[in-house]
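Understanding the architecture of this molecule
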Amino acid sequence: MELNELRERINDIDDQMVKLFVERMQVAAEIAGTKAEKNLPVLDLKREQAVLQKVMDKAGEEFEIYANKLYQTLFDVSKSYQSGILARETELSREILKNIENPKLEFPRKAVVACQGVEGSFASRACDRIFGMPSKMFFSNFESVFSAVESGLCKYGVLPIENSSAGSVTEVYDLMAKHKFYIVKSLKLHINHALLAKPGVKLEDVHEIISHSQALQQCSNFLKANPGIKVTIFENTATAAKFVAESDRTDIAALSSTDCAKLYGLHVLMDGMQNNENNYTRFICIAKDMELFAGSNKISLMLSVDHRPGSLHELIGKFACRGINLCKLESRPIPGKDFEFRFYFDLDGSVFSPEMITVLKDIEQAAESLSFLGCYSEA
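Before going into details, it helps to say that this report is about the structure given with it. Here the structure is a predicted model, which means the values were calculated and not measured.

Attention now goes to the overall build of the chain. A count of helices and strands for the chain gives 13 helices and 15 strands. Here the C-alpha atoms of the chain give a radius of gyration of 27 Å, more than 25% beyond the 21 Å that 2.2 N^0.38 yields for 379 residues. Seen along its three principal axes, the alpha-carbon backbone of the chain occupies a region of about 80 × 55 × 45 Å. Looking at the chain as a whole, 46% of its 379 residues are labelled buried. Considering only residue pairs separated by 6 or more positions, the chain has 73% of its internal contacts joining residues 24 or more positions apart.

Turning our attention to the packing of aromatic side chains. Applying the stated criterion across every chain, the model contains nine aromatic pairs. Their ring planes at 65° and their centres at 4.9 Å tell us that Tyr173 and Tyr344 sit as a pair that is edge-to-face. Of the two residues, Tyr173 sits in helix H7 (residues 170-176) while Tyr344 sits in strand E14 (residues 341-348), which places them 171 residues apart along the sequence. Take Tyr173: its relative accessible area is 2%, and that puts it in the buried class. Three or more aromatic residues joined by ring pairs form one cluster here, namely Phe107, Phe131, Tyr156 and Phe293. The residue whose ring lies beneath Lys185 is Phe107, and the NZ or CZ to ring-centre distance is 5.4 Å.

All right, on to helix H6 (residues 142-151) then. Every buried residue belonging to H6 is among Phe142, Val145, Phe146, Ala148 and Val149, and all of these are buried. End-on view of H6: buried residues confined to an arc of 160°, all on one side of the axis. Where H6 is buried, its residues meet strand E1 (112-116), strand E2 (135-139), strand E3 (156-163), H7 and strand E11 (280-287). Note on H6: the residue one or two positions beyond its end, Gly152, has a positive phi of about 90°.

The phi dihedral of Asn39 falls on the positive side, at around 55°, and the residue is not glycine. For Asn39, the position within the fold is in the loop between helix H1 (3-38) and helix H2 (45-59). Taking the relative accessible area as the measure of exposure, Asn39 reaches 62% and is therefore exposed.

This part is about the sheet that holds strand E7 (residues 208-211). In space, the five strands of this open sheet follow the order E8-E7-E9-E6-E10, with mixed pairing throughout. This sheet does not close on itself; its edge strands, each paired only once, are strand E8 (230-233) and strand E10 (267-270). Each adjacent strand pair in this sheet contributes to an overall mean axis angle of 35°, direction not counted. As defined by bridge partners, E7 adjoins E8 across four bridges and the pair is classed as parallel. In the sheet register, Ser211 faces E8, and the bridge partner there is Ile233. Contacting strand E6 (194-197), E7 and strand E9 (252-256), helix H10 (residues 237-246) crosses the sheet at an angle of about 155° to E9.

In this section: the pairing of strand E5 (residues 182-190). Within E5, seven of the nine residues are buried, which leaves the element mostly enclosed by the surrounding structure. Pairing between E5 and E11: eight bridges, direction antiparallel. Looking across to E11, one finds that Lys188 is bridged to Arg282. The pairing of E5 with strand E15 (residues 369-378) spans two bridges and is classified as parallel. Bridge pairing in E15 places Ser186 opposite Glu378.

Mapped onto the elements, Ser186 comes out in strand E5. Within the local environment of Ser186, its side chain forms a polar contact with the side chain of Glu378, the two groups lying 2.7 Å apart. When residues no more than four places from it in sequence are discounted, the contact partners of Ser186 are Arg282, Phe283, Ile284, Tyr376, Ser377, Glu378 and Ala379.

Take the pattern of salt bridges next. Under the defined criterion, the tally for this structure stands at 20 salt bridges. Among the ionic pairs, Asp362 bridges to Arg322, the shortest N-O distance being 3.6 Å. One end of the pair, Asp362, is in helix H13 (residues 354-366); the other, Arg322, is in the loop between helix H12 (311-321) and strand E13 (326-333), with 40 residues separating them in the sequence. The burial state of Asp362 is the same as that of Arg322; both residues are buried. Lys328 serves as the salt-bridge partner of Glu330, at 3.2 Å between the closest nitrogen and oxygen.

Turning our attention to the environment of Leu187. Looking at the element boundaries, Leu187 is found in strand E5. Along the backbone, Leu187 and Val158 are 29 residues apart, and their C-alpha atoms lie at a distance of 9.7 Å. Ignoring sequence-local partners within four residues, the contact set of Leu187 consists of Ala126, Arg129, Ile130, Thr281, Arg282, Phe283, Glu378 and Ala379.

Turning to the side chain of Gln214, a few remarks are in order. Following the sequence through the fold, Gln214 ends up in helix H8 (residues 213-218). For Gln214, a relative accessible area of 11% corresponds to the buried category. Discounting chain neighbours no more than four positions away, the residues touching Gln214 are Asn163, Ala166, Gly167, Ser168 and Val169.

Conventions and cut-offs
- Residues numbered from 1 in each chain as written.
- Predicted model: local features only at pLDDT ≥ 70, side-chain atom pairs only at ≥ 80, totals over all residues.
- Heavy atoms only, no water.
- Helix = DSSP H or I, 4+ residues; strand = E, 2+ residues; numbered from the N terminus.
- Rg over C-alpha atoms; globule rule 2.2 N^0.38 Å.
- Buried < 20%, exposed > 50% of the residue type's maximum accessible area, 1.4 Å probe, protein only.
- Contact = heavy atoms within 4.5 Å.
- Phe/Tyr/Trp six-rings, centres within 6.5 Å; stacked < 30°, edge-to-face > 60°.
- Lys NZ or Arg CZ within 6 Å of the ring centre and 35° of its normal.
- Arc of directions from axis to C-beta.
- Pairing = 2+ DSSP bridges.
- Axes fitted to C-alpha atoms, helices over the stretch in contact; angles between N-to-C directions.
- Polar contact = N/O pair within 3.5 Å; in protein donor to acceptor, adjacent residues only side chain to side chain.
- Salt bridge = Lys/Arg side-chain N within 4 Å of Asp/Glu carboxyl O.

So this is what it looks like as structure tokens:
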């Protein structure tokens, strides 16, 4: 047969399949109604497995794998549709709906903001970019930033969460599980590292370089090329620069920013030390209470799922069925549980969309636990 004739046959088959698909979804809606009356869950794993086995047997050995995949997808679509019908209001959905009734129109330019490190740090620079005229309070570690916001000492906090070269800041992700907060904005900041030393010090005089672990990772090519130089981890790049400025030593240098060179009276030995010029760190701005600003288009979630095969796949399928793009999926081990993980999702979408509220209600019912970390915009 000619190609056009074969395509016509495919078209005819597709027309029949679409009619049957719509009919199947309509029956699924009736099943959802019956389940609601009897207070039954959407998922019936035993029924799914029986149908899959029957379908594979009918498809035969050549097509059984493909039939399995087709019907797994069909089940995901059907369950997503049923969940949308059955979804009830939850504490989370009520809180979100309450907030979107009167959304904030403009992000504040002035606020008391917690940052880790000292003046001149990249977090401090990110804070200036996010707010414009912040009153900054500096803390020695990331947990103190979370605590300052949680206690109400500071209205907001700014924290690094991932770098385009060195990856996620895992300490911040782990602290997310310990503290109550909401992300209200995020920022991608270009990071340029410079090697700073006291005036008069030359590169050949340097025997030790100090900086934050992320900065050291981002400049690993230079460090590998100079194995004779000792590397020491500091809690912050700006703190490292300040230490060099206040030290009596002339054989020590800091990986920091050129801003810190001006701030602490240091000399730039080398600039552009990072492995990749396209080096960005993403910072999040957190608040104690949920704040939803008009134009927010990114959502972050923290959740855990049942420890069984396919549970994460089923959950991701709920996003896929509705065409929601997942920007990031991060996993972190759950303390005290062997090889069980907590998952962090960043996705494109807004809670100002009724469809997204339905998805969140569906996810909340399907997940073992769910924390809504915020809906916000990214600069």
